[in-house]
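Chain by chain, the residues:
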Amino acid sequence: MKPKTNFDELQLIKKMAEGDMNSFDAIYWKYYKAVHGNILKLVQDNASAEDILQDVFLSLWENREKIDAERSLAGWLFVTSYNRSMTFLKRRLREKMTPVLLDEDSVETVIGQPLTEIRSNELEKAMSSLSPQKQKVFYMCKLKGLSYAETADLMKISRHTVKEYLTAAFRSIKDQMMKSPSIGLVAGVFLRFFS
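Residues numbered from 1 in each chain as written. Predicted model: local features only at pLDDT ≥ 70, side-chain atom pairs only at ≥ 80, totals over all residues. Heavy atoms only, no water.

## Quick look at the overall build of the chain
Applied cut-off: Comment: elements are numbered from the N terminus, with helices defined as DSSP H or I runs of at least four residues and strands as E runs of at least two. Relative accessible area decides the class of each residue, using a 1.4 Å probe on protein chains only: under 20% of the type maximum gives buried, over 50% gives exposed, and in between gives partly exposed. The Shrake-Rupley method, run with a 1.4 Å probe, gives the accessible areas here. Residue values count only the displayed protein chains as cover.
From N to C terminus, the chain includes 10 helices and zero strands. Listing every helix and strand of the chain by position from the N terminus yields α-α-α-α-α-α-α-α-α-α. Going through the 195 residues of the chain one by one, you find that 44% of them count as buried. Summing over all exposed atoms, the chain offers an accessible surface of approximately 10600 Å²; the carbon and sulfur share of this is 53%.

See below:
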């Protein structure tokens with residue numbers, strides 16, 4: 001089952017698509033912390049993470065009319081921030097490598113072209129295999145950026161159960177992603193991204 005977009009967020013997305021800046025601001029403040037944290041885990045540089053974060057939300061605004069309000073906005077933000085981070089890392093690696101050590105073709109081999117091929121429907125497909133409780137824990141901890149304790153309090157379960165659900169969710173998502181020929185190579189990086 002696909003993670004459902006709640007009614008309030010659905011309204012925000014629709015209003016944003018119509019050009020409502022207040023709705024965009026509400027979406028930004030809802031997701032910026034989690035998106036920034038995920039980018040930072042990949043690029044390991046706060047200034048660069050801030051730049052990528054702004055680029056992701058600029059892209060959201062520029063593509064607001066194309067965003068499907070029925071699909072997971074958090075998933076779209078994850079995929080976009082992941083792809084922008086991979087592009088940044090690829091460019092940074094190219095800048096660091098000298099032609100003597102690494103030619104242009106080798107960069108593609110080191111970075112792995114399939115890393116940039118992840119798509120939101122693949123993530124949604126992988127997440128749909130989770131139980132509703134595991135989906136909720138994954139969404140709250142990794143897409144909204146809540147702590148185990150905050151998630152446990154909101155869901156009225158123990159922190160230990162949150163951790164178990166999250167571990168099982170990672171395992172299931174990795175297994176599902178490994179089944180996709182275009183995504184299989186990215187599963188390990190996906191787990192590092194959210195660890």
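This is not the end of the story, as more comes after the structure.
## Considering empty space enclosed by the protein
Which entries qualify depends on this criterion: Grid points spaced at 1 Å over the protein atoms alone were grouped into cavities, where a 1.4 Å probe fits but cannot get out, and pockets, open sets with protein on both sides within 12 Å along at least five of seven lines, with lining residues defined by an atom within 4 Å of a point. Grid points are joined across faces, edges and corners, and a volume is the space filled by probe spheres set on the points. Residue polarity is assigned by list, with Asp, Glu, Lys and Arg as charged and Ala, Val, Leu, Ile, Met, Phe, Trp, Tyr, Cys and Pro as nonpolar; anything else, Gly included, falls into the polar class.
Going through the model one piece at a time under the given rule, you end up with one cavity of 30 Å³ or more. Lining the largest cavity are Tyr 31, Ala 34, Val 35, Asn 38, Ala 74, Leu 77, Phe 78, Ser 81 and Leu 143. Mapped by element, the contributors of at least two residues to the lining of the largest cavity are helix 2 (21–43) and helix 4 (73–96). For the lining of the largest cavity, a count of residues per class yields seven nonpolar, two polar and no charged.

## A few points about the packing of aromatic side chains
Applicable threshold: To pair, rings of Phe, Tyr and Trp, with the six-membered ring standing in for Trp, must have centres within 6.5 Å; the planes then decide the type, stacked if under 30 degrees apart, edge-to-face if over 60, and tilted in the middle.
By the definition in use, this model includes eight aromatic pairs. Taking the centre distance of 4.7 Å and the plane angle of 65° together, the rings of Tyr 28 and Phe 57 count as edge-to-face. With Tyr 28 in helix 2 and Phe 57 in helix 3 (residues 46–62), the pair connects residues that are 29 residues apart, well separated along the chain. Here Tyr 28 and Phe 57 have matching classes, each one buried. Relative to Tyr 32, the ring of Trp 29 has its centre 5.0 Å away and its plane inclined at 80°; by these criteria the two rings are edge-to-face. With Trp 29 and Tyr 32 both in helix 2 and three residues apart, this pair spans about one turn of that helix.

## With respect to the packing of helix 2 against helix 3
What counts is decided by this rule: Fitted lines through C-alpha atoms give the axes, limited to the stretch in contact for helices. The angle between two N-to-C directions lies from 0 to 180 degrees. If an angle is under 35 degrees, it is roughly parallel; if it is over 145, roughly antiparallel; if it lies from 65 to 115, roughly perpendicular; otherwise it is oblique. Crossing handedness is read from the near helix: turned anticlockwise from the far helix by less than a right angle, it gives a left-handed crossing, and turned clockwise, a right-handed one. By the convention used here, residues are in contact when the closest approach between their heavy atoms is within 4.5 Å.
Running from amino to carboxyl end, helix 2 crosses helix 3 at an angle of 140°, the nearest separation of the two axes being 9 Å. Regarding the angle of helix 2 to helix 3, the classification is oblique. When you trace helix 2 past helix 3, the crossing you get is right-handed. Across from Met 21, Phe 24, Ile 27, Tyr 28, Tyr 31, Tyr 32, Val 35, His 36, Ile 39, Leu 40 and Val 43 in helix 2, the residues of helix 3 making contact are Asn 46, Ser 48, Ala 49, Glu 50, Ile 52, Leu 53, Gln 54, Val 56, Phe 57, Leu 60 and Trp 61.

## Focus: the confidence of the model for the chain
Low-pLDDT stretches of the model should not have their predicted coordinates read in fine detail. Definition in use: pLDDT is defined as a per-residue confidence score from the predictor, taking values between 0 and 100.
When pLDDT is averaged along the chain, the result is 77; 70% of the residues meet or exceed 70. The element-level mean pLDDT for the chain is lowest in helix 5 (residues 104–111), coming to 40, with helix 3 highest at 94. For the stretch residues 97–119, pLDDT sits under 50, and the model shows 35 contacts to residues farther than four places along the chain or on other chains. Within the model, pLDDT remains below 50 along residues 184–188, and this stretch shows 11 contacts once partners closer than five positions in the same chain are excluded.

## Section: the nonpolar core
Keep this limit in mind: Definition used in this section: a nonpolar core is a set of buried Ala, Val, Leu, Ile, Met, Phe, Trp, Tyr and Cys residues joined via side-chain atoms within 4.5 Å.
Counting 45 residues, the largest nonpolar core has Phe 57, Leu 60 and Leu 77 as its most contacted members. For this core, the secondary-structure elements that each account for two or more residues are helix 1 (7–17), helix 2, helix 3, helix 4, helix 6 (120–128), helix 7 (132–143), helix 8 (148–155) and helix 9 (159–179). For Phe 57, the contacting residues outside a window of four places in its chain are Phe 24, Ile 27, Tyr 28, Tyr 31, Tyr 32, Val 35 and Leu 77.

## Quick word on the environment of Ala 126
Relative to the helices and strands, Ala 126 is located in helix 6. Taking the C-alpha atoms as reference points, Ala 126 and Ser 172, separated by 46 residues in sequence, lie 7.4 Å from one another.

## Quick notes on the packing of helix 7 against helix 8
Taken N-terminus to C-terminus, the directions of helix 7 and helix 8 make an angle of 135°; their axes are 10 Å apart at the nearest point. Classified by the interaxial angle, the pair formed by helix 7 and helix 8 is oblique. For the crossing formed where helix 7 meets helix 8, the hand is right-handed. In this structure, helix 7 uses Gln 133, Lys 136, Val 137, Met 140 and Cys 141 to contact helix 8, whose residues at the interface are Tyr 148, Thr 151, Leu 154 and Met 155. For the contact of helix 7 with helix 8, the residue count by class is six nonpolar, two polar and one charged.

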